[in-house]
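The residues making up each chain are set out below.
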Amino acid sequence: MIRRIASLSLLAGSLLAHPAHAAPDGATIYADLCASCHAETRLGGTGPALIPESLGRLKGEKLMTVIAQGRAMTQMPAFRGTLSAEEIAAVAEFLGQPLPAPPVWDAGAIMATRSLRADYQATPAPVFDADPMNITLVVETGDSHISVLNGDTFAVLDRFETPFAVHGGPKFSPDGRFVFVMSRDGWVQKYDIWSLHEVGRVRAGLNSRNIAMSHDGKWLAVANYLPATLTILSTDDLSVAKVLQVQGRDGRESRVAAVYQAPQRKSFVLALKDVPEIWEVATDPDAGPFHDGFVHSHEAGMEESLAAEKGLFARRRIDVTAPLDDFFFDPDYRNLIGANREGETGVVVNLDVGREIATLPLPGMPHLGSGISWVRQGRRVMAVPHLNEGRISVIDMQDWSLVKTIETSGPGFFLRSHDGAPQIWADVFTGPHKGEMHLIDKETLDLVAVISPEPGKTVAHTEFTRDGSRALVSIWEDDGAVIVFDTATRQELMRLPMRKPSGKYNVWNKITFEDGTSH
Ligand code: DHE
């Protein structure tokens, strides 16, 4: 690395000399110093994509700091010895500009990125003694790795490298053997848990949101912002099965905010960011809503909003009043609860009849993707945190009334529970009380305890073991840890050092669609 930075300095000295007082040209500096890792196109190479869609909130001072200081635990060097403050500002300014033309990212371009590991060999059984159904994965965003934990002893069975900036929950094959991981730059990685080995990877989008697994485990859908598409991959070999262009009825392109798996419906459900429509895509030629019998069994006048298309990957449009970009579903996937991040209300959309049937008061940016549900006093309720306010809304899923608003000490990001756990675990992600984990009784809805294992640090995201007896919580810091708690006594049992651990995912809880976890 030292040799590399020295050669960069020489290169900078020879190539970046510009006449006295001429303003530095960010594009030229980028081409000379950055393109070798981030690609001339800025779409990413060994380093991540550097376009506004990928940089998101990393702009201005924050971006200049990364260029000047580099990034710990990555290949990104510090340029403060090579570039002046003015030159760094010029590069940051250049990176903030949109690409001159929309990039083409079709099936051919995607397939050209696919690499399957020649050294991968499937094993007929797990290569470890641990219960394969109680494996928990920990995403460590600090140095782009995933740790594979034995869910009983918490021993680390493997620690493998992931693409940079993994986001959203990895998705498991229905038998729990394979896992698929997605990064914000659109890379999808397939890993074999039994063999503890990567199978391969492919870049399904240029800026992507999340992934979903089909009911039968054959297809993986990738929601993309850039381009505005849904990529459907074969889970077998990561080949492209279909790239669906996403445009509203009026022909306007729409980014795909998220894709969800709806196993009972044998479909994917898409949240569209820019048009007032929800899309449903069949993962089986006989998927319910796409079937003739289904259309005829519903009220007259509803046919129009039901599927006109038939067959595998047939698409159905459902019109809504305004774009919805975050969803929660009831357990049989008949109703969807959606919210617009800017809005104050949520709406309930009945997916069978294809229309809005109720509205919910949900001020303060509800984070529906993080909602959970359970049965309380004989009725199914759901709970959802709010990204802007210290509160949790509990809603009755029969009549869609607000059961209770639970006040917390700050805005939370993730809510979790488990059939075997008496409480909801709700984090506080931002604000002065960041790091306070709230435990709320699922029957009384009263606050039982607030635990603060590392005051002042980000303590967030809970996952349970298969039986719910242990709760795993992240200390979401570079020099962080996963803390294992006894769910019943709330006592800390152990700490596993980790590099900025974010989400944790238990195989059993995910493949059985455990109520207390996100799907
Ligand atoms: Fe996430 C899940 C959207 C910012 C960490 N996040 C999801 C999902 C969506 C979503 C739609 C569900 C996908 C799934 O699992 O299939 N996230 C968004 C946003 O729109 C938002 C607010 C802005 C953005 O930049 O995209 C956002 N998310 C963040 C973060 O800043 C977090 C804290 C850090 C990060 O990694 O970027 C973050 N999001 C996560 C995690 C999950 C997630 C860890 C999976 C939770 C789970 O338990 O399944």
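Up top you'll find the structure we're talking about.
This is a predicted model, so every value here is computed, not measured.

**Here's the deal with empty space enclosed by the protein**
The rolling of a water-molecule-sized probe over the atoms marks out the regions of remaining empty space.
Part 1 of the argument: This model, assessed by the stated rule, comprises one cavity of 30 Å³ or more.
Part 2 of the argument: In this model, the largest cavity occupies a volume close to 40 Å³.
Part 3 of the argument: What lines the largest cavity is simply Pro385, Arg391, Ile392, Thr408, Gly410, Gly412, Phe413, Phe414, Ala426 and Asp427.
Part 4 of the argument: Here the residues of the lining of the largest cavity are counted per class, giving five nonpolar, three polar and two charged.

**Topic: the environment of Ala27**
Part 1 of the argument: Position of Ala27 relative to the elements: it lies in helix H2 (residues 26-38).
Part 2 of the argument: Overall, the relative accessible area of 29% leaves Ala27 in the partly exposed class.
Part 3 of the argument: Linking Ala27 and Leu472, residues 445 residues apart in sequence, is a C-alpha distance of 46 Å.

**Focus on the site of the ligand**
Part 1 of the argument: The immediate surroundings of the ligand are formed by 21 residues, with His167, Lys171, Arg341, Arg416 and Ser518 found nearest.
Part 2 of the argument: Asn210 has a polar side-chain atom sitting 2.9 Å from an oxygen atom of the ligand.
Part 3 of the argument: Ranked by residue count, the leading element in the shell around the ligand is strand S9 (residues 207-213), at three residues.
Part 4 of the argument: Of the residues that constitute the shell around the ligand, the class distribution is eight nonpolar, seven polar and six charged.

**A look at the coordination of the iron atom of the ligand**
Part 1 of the argument: Donor atoms from the protein around the iron atom of the ligand number only one, His167 (NE2), found at 2.2 Å.
Part 2 of the argument: With respect to the element layout, His167 can be found in the loop between strand S4 (156-161) and strand S5 (171-172).

**Focus: the pairing of strand S21 (residues 372-376)**
Part 1 of the argument: The buried fraction of S21 is high, at four of five residues.
Part 2 of the argument: Between S21 and the antiparallel strand that follows it, strand S22 (residues 379-385), lie two residues; Gln377 among them carries a positive phi value of about 50°.

**Here we look at the packing of H2 against helix H5 (residues 85-95)**
Part 1 of the argument: Contact pair H2 / H5: the axes reach a minimum separation of 8 Å and the direction vectors enclose 95°. Here H2 lies roughly perpendicular to H5, going by the angle between them. Each of Gly26, Ala27, Ile29, Tyr30 and Cys34 in H2 lies in contact with H5, whose residues at this interface are Glu87, Ala90, Val91, Phe94 and Leu95.
Part 2 of the argument: Looking at the contact of H2 with H5 residue by residue, the class counts come to eight nonpolar, one polar and one charged.

**Observations regarding the nonpolar core**
Part 1 of the argument: Counting residues in hydrophobic clusters, the biggest one holds 24 residues, and the most contacted among them are Phe180, Val188, Ile211, Leu220, Val222 and Leu233.
Part 2 of the argument: Of all the secondary structure elements, the ones that give two or more residues to this core are helix H6 (107-112), strand S6 (178-182), strand S8 (197-203), S9, strand S10 (219-226) and strand S12 (240-245).
Part 3 of the argument: Those residues in contact with Ile211 that sit more than four places away from it in its chain are Gly169, Lys171, Phe180, Val181, Met182, Val188, Leu220, Ala221, Val222 and Val259.
Part 4 of the argument: With 19 residues, the next largest nonpolar core counts Phe128, Val139, Val148 and Val179 among its residues.

**Quick word on the sheet that holds S22**
Part 1 of the argument: Read across the sheet, four strands follow the order S21-S22-S23-S24 without closing on themselves; strand pairing throughout is antiparallel. Only two strands of the sheet have a single partner each, and these edge strands are S21 and strand S24 (402-407). Each neighbouring strand pair of the sheet contributes to a mean axis angle of 25°, computed without reference to strand direction.

**Topic: the state of the cysteines**
Part 1 of the argument: Across all of its chains, the model carries zero disulfides by this definition.
Part 2 of the argument: Of the cysteine sulfurs around Cys34, a residue in no disulfide, the closest is that of Cys37, at 8.7 Å.
Part 3 of the argument: Overall, the relative accessible area of 18% leaves Cys37 in the buried class.

**Description of the side chain of Arg265**
Part 1 of the argument: Mapped onto the elements, Arg265 comes out in the loop between strand S13 (256-262) and strand S14 (267-272).
Part 2 of the argument: A distance of 3.0 Å separates a polar atom in the side chain of Arg265 from the backbone oxygen of Tyr333.

**Things to note about the pattern of salt bridges**
Part 1 of the argument: In total, this model carries 26 salt bridges according to the counting rule given.
Part 2 of the argument: For Glu198, the salt bridge is made with Arg117, and the minimal N-O distance between the two is 3.6 Å. Here Glu198, found in strand S8, pairs with Arg117, found in the loop between strand S1 (115-116) and strand S2 (136-140); they are 81 residues apart in sequence, far enough to count as distant.
Part 3 of the argument: Classification of Glu198 by relative accessible area gives buried; the value is 9%.
Part 4 of the argument: You can call Arg117 partly exposed: its relative accessible area is 35%.
Part 5 of the argument: In this structure, Arg466 and Asp131 form a salt bridge, with 3.0 Å as the shortest nitrogen-oxygen distance.

**Details of the layout of surface pockets**
Part 1 of the argument: In this structure, the second largest pocket spans a volume of roughly 270 Å³.
Part 2 of the argument: Forming the walls of the second largest pocket are 14 residues, and the residues nearest its centre are Pro103, Leu226, Pro227, Ala228 and Glu253.

**Quick look at H2**
Part 1 of the argument: Counted at 1.5 Å a residue, the expected span for H2 with its 13 residues is 18 Å, but the 14 Å between its end C-alpha atoms falls short.
Part 2 of the argument: Of all the bends found along H2, the most pronounced is centred on Asp32 and spans about 50°.
Part 3 of the argument: The residue sitting at the N-terminus of H2 and contributing the capping side-chain oxygen is Asp25; that oxygen lies 3.2 Å from the backbone nitrogen of Ala27.
Part 4 of the argument: After H2 finishes, the residue Ala39 shows a positive phi value of roughly 80°.

**Looking at the sheet that holds strand S29 (residues 459-464)**
Part 1 of the argument: Taken in spatial order, the four strands line up as S29-S30-S31-S32 in an open sheet, and their pairing is antiparallel. One side of each edge strand has no neighbouring strand; the edge strands of this open sheet are S29 and strand S32 (492-498). Taking the axes of each pair of neighbouring strands and ignoring which way they run, one obtains an average angle of 25° across the sheet.
Part 2 of the argument: Where strand S31 (residues 480-486) lies against S32, six bridges are found, and the strand directions are antiparallel. By the bridge assignment, Gly480 is partnered in S32 with Met498.

What counts and how
- Residues numbered from 1 in each chain as written.
- Predicted model: local features only at pLDDT ≥ 70, side-chain atom pairs only at ≥ 80, totals over all residues.
- Heavy atoms only, no water.
- 1 Å grid on protein atoms, 1.4 Å probe; cavity = no way out; pocket = protein on both sides within 12 Å on 5 of 7 lines; lining within 4 Å.
- Points joined across faces, edges and corners; volume = space filled by probe spheres on them.
- Nonpolar A, V, L, I, M, F, W, Y, C, P; charged D, E, K, R; others polar.
- Helix = DSSP H or I, 4+ residues; strand = E, 2+ residues; numbered from the N terminus.
- Buried < 20%, exposed > 50% of the residue type's maximum accessible area, 1.4 Å probe, protein only.
- Near = heavy atom within 4 Å.
- Polar contact = N/O pair within 3.5 Å; in protein donor to acceptor, adjacent residues only side chain to side chain.
- Donors = N, O, S within 2.8 Å, 3.2 Å for Na, K, Ca; no water.
- Pairing = 2+ DSSP bridges.
- Axes fitted to C-alpha atoms, helices over the stretch in contact; angles between N-to-C directions.
- Parallel < 35°, antiparallel > 145°, perpendicular 65-115°, else oblique.
- Contact = heavy atoms within 4.5 Å.
- Core = buried A, V, L, I, M, F, W, Y, C linked by side-chain atoms within 4.5 Å.
- Disulfide = S-S within 2.5 Å.
- Salt bridge = Lys/Arg side-chain N within 4 Å of Asp/Glu carboxyl O.
- Expected span 1.5 Å × (residues − 1).
- Bend = angle between axes of the 7 residues up to and from the residue.

The analysis is restricted to geometry; functional conclusions fall outside its scope.
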